[in-house]
Amino acid sequence: MSIAPGTRVGPYEISGSLGAGGMGEVYRARDPKLNREVAIKVLPDLFATDPDRLARFEREARAVAALSHPNILAIYDFGTDGTRPYAAMELLEGTTLRARMESSPLSPRRAVEYAIQIARGLAAAHDKGIVHRDLKPENLFVTNDGHVKILDFGLARLLPVSVAAATSAMTGVETTDGVVLGTVGYMSPEQVRGEAADHRSDIFSFGAVLYEMLSGRRAFGGDSAVETMNAILKEEPLEFSIADASLGPALARLVRHCLEKEPSERFQSARDLAFALEALRGSSDPGSATRVPGHRRGRVSPSVAGALVILGLLAGWVGHRVLNPLPALVPTGEALFTRLTYDKGTIWNGRFAPDGQTIVYAAAWEGRPIRAFLTRTERPGATPLNLPDASILSISSTGELAVSLGHTFEGWMGEGTLARVPMFGGAPRPILEHVREADWTPDGSDLAIVRRSDGRERLEFPIGKVLYEAGGYISHIRFSHDGQRIAFADHHLYADDNGDIAIVDRGGRKTTLATGMSGVRGVAWSPDGREVWFTANNVPHAGDVLRAVSLDGRSRVLLSIPTDGKLLDVAKDGRVLLESEAVVRHIEAWPGTEKRAHDLSLFDQSIATVVSPDGRSVLITDQGSFAGMSYAIYLRRLDQPEAVRLGDGQAQDFSPDMRSVLSLITGPPSRILLLPTGAGQMREVANRDGLTIQIARWMPDGTHLALVGGRGNEPARGYVQDIQTGAAKSFTPPGVNFVRFWLMPMSPDGARVALTGPDGRTYMYSTRGAEPEPLTLAPGEYPIEWCEDGRSLFVSTGPGIPYRIVRLDVATGRREPWKELMPSQVAGIRLSQVQPTRDGRSFVHTYSQLLSNLYVAEGLPR
C-alpha cells in the first residue's frame, strides 16, 4: 500500500512517491533534524514478514552504508517504523542510465566518462569486499549534473576473503551455490551457471552495460530468458563500430576483454579497468600531445611516441591473461612523463626517498582524510603507510620521515603536529604543535620549521632560532645540498600564493632571487645545487612553468606545463616529481526563499567574496592567471545573464549605498580602489601610511574603512581609515589577522570587528576604544558574518563535509543550526566558503575541487 504525503516514517515526513521496485517502494521525504530532502526506501508490508526479503533489504542497507564514494548512492539511516523497515538515502535528481540511453544516443566520449565513474564506484565496493551482482542500466543513475551513481545493492554479496575486514560494515549473508540470482542479459556466465560470483562477475556485467552504451543494443539477447542465458554462456556479442576514430578500436577491445567467458581472462580489478579507461580518455585528448621544451638525447619520433601510447593502453587487455595497465608514459617529443597515481582527489605533498625510486606522498583520495602512501617510479599504485590523517613534510637522507599529524589545510596553507617516524614501521614521535612546514638538514640530524606566532610567520633553524620573519606567510622551505642555505617562497599576503623566491643563510641573511611571481607553489634545489627550481605562472597563460633561478638572480625556463602544476621534489639524477592539478571552483547563490541555486561559476579560479544585502548581487574575484597578479573583479546580478568586469583587484565590500565596490590591490604597498557599480569613474583612496593591506570593509557611515594591514615588515594591526584624507588610526594591538581569507565580520553598527588575535584566538575588537572580548568557539570554528540583530554571529563549525553553519548567540553561547551544505562531489573538495546576508535569508557558496595526479618527469635540461 502506498504511503500518503504527510505520513511519518520514523522521523521522516513523506512528501511524495518516487517509484517502486522489487526490493521496495521509494518516497521523497524531509529530514527535520538536518532540514534536508532525502529518499526513503520502504519494504512493503507484503514482504516485511518474509525473512529472505527482510535479510536482502537489510543487507542492501548495510552494504551501501559500508561505502562512502561519490559514485555510490549514500545511505544516511536505517530503521523500523512499527513493523515496516526503511532506509533513508541520498535524494538524487536525474534519471536512470536506461532512461538516459532511451532519450538520446550516447556519444563514445560520454559513454567513456560514465564508464569511468561506474568503474571507480565498483572499485570502492570491491575494496570493501562487496560484490554488486546486479549491475544493469536500471541500477545506474545519472544525475542532472552528469554524475553516475550505482544503486540497488539488494543482491550484494560479501566476498569470503574479506569477511574479517568488513564484518563491522555488513553481515555475511551468503547465497548458496547453484542458485541463479541477477538480471538476465547482464549476468556473468558464472552467475548463469549458479556458481559463486566474485568481483570479476561485476566486471562482466559492466562490459555488458558499456557495450549497450556504445552500440545501442544489448550484448546478449534472445526470445526468452533461457535463450539469453545460453547466449551468455556460448556466444560472443555482435561486432560493433565506434564513430570516434580516436577511441574506436582500443575501446572495442576493452569491452571484449570485460566480456571474456572465463573470469581469469577478464580485468582482474575494477581499479585496473578504471585506469585503462582513464588512459584511453587521456590518449584521445587532442591537447595531450603538447610539446614540452627541453633537451633529451634520443628523442622519440611522433610515430614511435604514438606506438608507445597505444602499447601502454592496450597492455591492460591484450592477450589471454589479464595484465595490469602499464604506467601512463606520455611522450611529449622532448621530455618524458610517467604518471604514478590514478585515484580521484588531492595530492598535498611528495618526496623522493633516498633510493631515488621510492616516492612517499600525502593525498586525500575520494573524499577521505589525508594520509601517507608509498609508490615506486617503475609501477603505479600505492601502499598506504600506517599514518592516517598525516601529511608528508620531508624525508631525511637516512629514510626518516618528518610528518604533520592531524594536518588541516586553510587554502594553500596548513598546520599540524610535527613528528618523526621511520619510513618502514614504528610509531610517530611528536615534536612540536602548530607547525606549517619542515625540512631535514642534508645529514638528517635536525629540522628547520615554519610556524606562526604573534601574527608573524617564522622560519626557524634550529627550532627556536628565528632566521626570517614575514608578515604574509612562508612556504616550501628546502635546505641546500651543503646545508648552509634554505630556499623558500616568500608570500607578501597571508593566504595568497603570489610572492618571491628567496634564500636565507644560517646567519639570517636573506636574499631575494626572483620577485613578483604569481602562483608560487613548489621549491627545490637543482641537482648540482647552483640553482633553485620552482613552479609559478607569472605571465598570463594556460598552465604553469617550471623555472630555475641562479644564486645571482639569473633565471631560465625549464618546462612549460600545459596544466596547473606544482614542483614537489628533484632527484639527484635530475628527474622531477610533479603534481598535475585541475582546479574548478563552483559558485552557487541562494537568494531569499528560492529552493534552487543560481550557478554563478565564472572561471576555474573565481571566488564569490561579497553578497549584497538583498541577496541579488554578488561580487566575484577571479584569481586565474589571465587576470594577472592584481586579479579582477566581476559584478553578477541574478537578473542578468552575464557578469560585468568592474576592474582590477580583490573585491572587499559593497558601499552602504551600493553605488561602488571596495577593491584591494595587495601590493606592497596596497592600492585601495573604489569601482563604480554603474556609470562613473574609478577613484583611488590614499594609502598615506604605505600599508600592505590584508582585508578591508566599509563602515556603516560610508566615510570610513575598517582594514587589517602592516607597514613594511611590521606585524599587522586593525585600522579605521578616513576615505577622504587617507588617515588611518589603529584600534588593535600588533599581530592580528582576518579570521579566514576574505572574512572579517563587522557588527551592523561598525563598533565591533571579529579578528584573529596574536595568540591565535578570535576576538571582538572595538573600533571605539573598548577592550577586546574573546569569542568562545570550539576548535576549528570561525565566524563568518554578524547577524542583523547585532547579538549573534553565523559561525562555521569547521572543516569537513557536509559544511555546517550555526547561529551563535555571542552573550549566551547558545547555538542553533542554520545551514548544512553538501557538494555534489566530495573527491578533492578543499575550500568551502559561505557568505550569508545578515538577515540570513540569502547566501552565496563557493567551493573548490582540486583533483591532482603525480608524475615523474625526466629529460629536462640540466
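Just so you know, these numbers come straight off a predicted model, no measurement behind them.

## Quick look at unusual backbone geometry
A cis amide bond links F461 to the next residue, P462, at an omega of -15 degrees. Structurally, P462 is set in the loop between β23 (456-460) and β24 (466-470).

## Considering the packing of helix α4 (residues 108-127) against helix α7 (residues 199-215)
One way to put it is that α4 packs onto α7 with a least axis distance of 10 Å and a crossing angle of 165 degrees. When the interaxial angle is binned, α4 and α7 end up roughly antiparallel. The handedness of the crossing between α4 and α7 comes out as right-handed. Of α7, the residues touching α4 (which contributes P108, A111, Y114, A115, I118, A119, L122 and H126) are H199, D202, F206, L210, M213 and L214. Here the contact of α4 with α7 is composed, by residue class, of 11 nonpolar, 2 polar and 1 charged.

## Some points on the nonpolar core
Membership of the largest hydrophobic core comes to 55 residues, with the highest contact counts inside it found for L97, I118, F206, L210, M213, L273 and L277. If one sorts the elements of this core by residue count, α4 sits on top with 11 residues. When neighbours within four sequence positions are excluded, L210 is seen to be in contact with A111, A115, L251, L254 and V255.

## Examining the environment of V184
Mapped onto the secondary structure, V184 falls in the loop between α5 (163-166) and α6 (189-192). A C-alpha to C-alpha distance of 9.6 Å links V184 and S224, two positions 40 residues apart in sequence. With sequence-adjacent residues up to four places away left out, V184 is seen in contact with R218, A225, T228 and M229.

## Observations regarding the pattern of salt bridges
Considering all chains together, one arrives at 45 salt bridges under this definition. In this structure, E195 engages R193 in a salt bridge whose closest nitrogen and oxygen atoms are separated by 3.1 Å. Taking the shortest distance from any N to any O, the salt bridge between R841 and D839 comes out at 3.1 Å. The exposure class assigned to R841 is exposed, which follows from its relative accessible area of 55%. One salt-bridge network, in which partners are shared between bridges, spans D31, R36, R804 and E820.

## Details of the sheet that holds strand β7 (residues 94-96)
Strand order in the open sheet formed by 3 strands is β7-β9-β10, and the pairing between neighbours is antiparallel. The outermost strands of the open sheet, each flanked by one partner alone, are β7 and β10 (148-150). With strand direction ignored, the average angle separating the axes of adjacent strands in the sheet is 25 degrees. One ladder, built from 3 bridges, connects β7 with strand β9 (residues 140-143); its direction is antiparallel. Looking across to β9, one finds that G94 is bridged to T143. Contacting β9 and β10, α4 runs over the sheet at an angle of about 35 degrees to β10.

## Description of the confidence of the model for the protein
Averaged over every residue, the pLDDT of the protein is 82; residues scoring 70 or more account for 82%. Per-residue pLDDT stays below 50 along residues 158-180; that stretch engages in 39 contacts with residues further than four places along the chain or on separate chains.

## Let's talk about the packing of aromatic side chains
According to the stated counting rule, one finds 11 aromatic pairs in the structure shown. Taking 5.7 Å as the distance between ring centres and 10 degrees as the angle between the ring planes, the aromatic pair formed by F204 and F220 counts as stacked. With F204 in helix α7 and F220 in the loop between α7 and α8 (225-234), this residue pair connects regions lying 16 residues apart in the sequence. Comparing F204 with F220, the two get one shared label, buried. Taking the centre distance of 5.1 Å and the plane angle of 80 degrees together, the rings of F461 and F479 count as edge-to-face. Residue F461 is located in the loop between β23 and β24, and its partner F479 is located in strand β25 (residues 473-479); the two are separated by 18 residues in the primary sequence. Residue F461 shares its accessibility class with F479, and that shared class is buried. Pairwise contacts between aromatic rings join W590, F794, W818 and F843 into one cluster.

The rules behind each value
Residues numbered from 1 in each chain as written. Predicted model: local features only at pLDDT ≥ 70, side-chain atom pairs only at ≥ 80, totals over all residues. Heavy atoms only, no water. Helix = DSSP H or I, 4+ residues; strand = E, 2+ residues; numbered from the N terminus. Axes fitted to C-alpha atoms, helices over the stretch in contact; angles between N-to-C directions. Parallel < 35°, antiparallel > 145°, perpendicular 65-115°, else oblique. Left-handed = near helix turned anticlockwise from the far one by under 90°. Contact = heavy atoms within 4.5 Å. Nonpolar A, V, L, I, M, F, W, Y, C, P; charged D, E, K, R; others polar. Core = buried A, V, L, I, M, F, W, Y, C linked by side-chain atoms within 4.5 Å. Buried < 20%, exposed > 50% of the residue type's maximum accessible area, 1.4 Å probe, protein only. Salt bridge = Lys/Arg side-chain N within 4 Å of Asp/Glu carboxyl O. Pairing = 2+ DSSP bridges. pLDDT = per-residue confidence, 0-100. Phe/Tyr/Trp six-rings, centres within 6.5 Å; stacked < 30°, edge-to-face > 60°.

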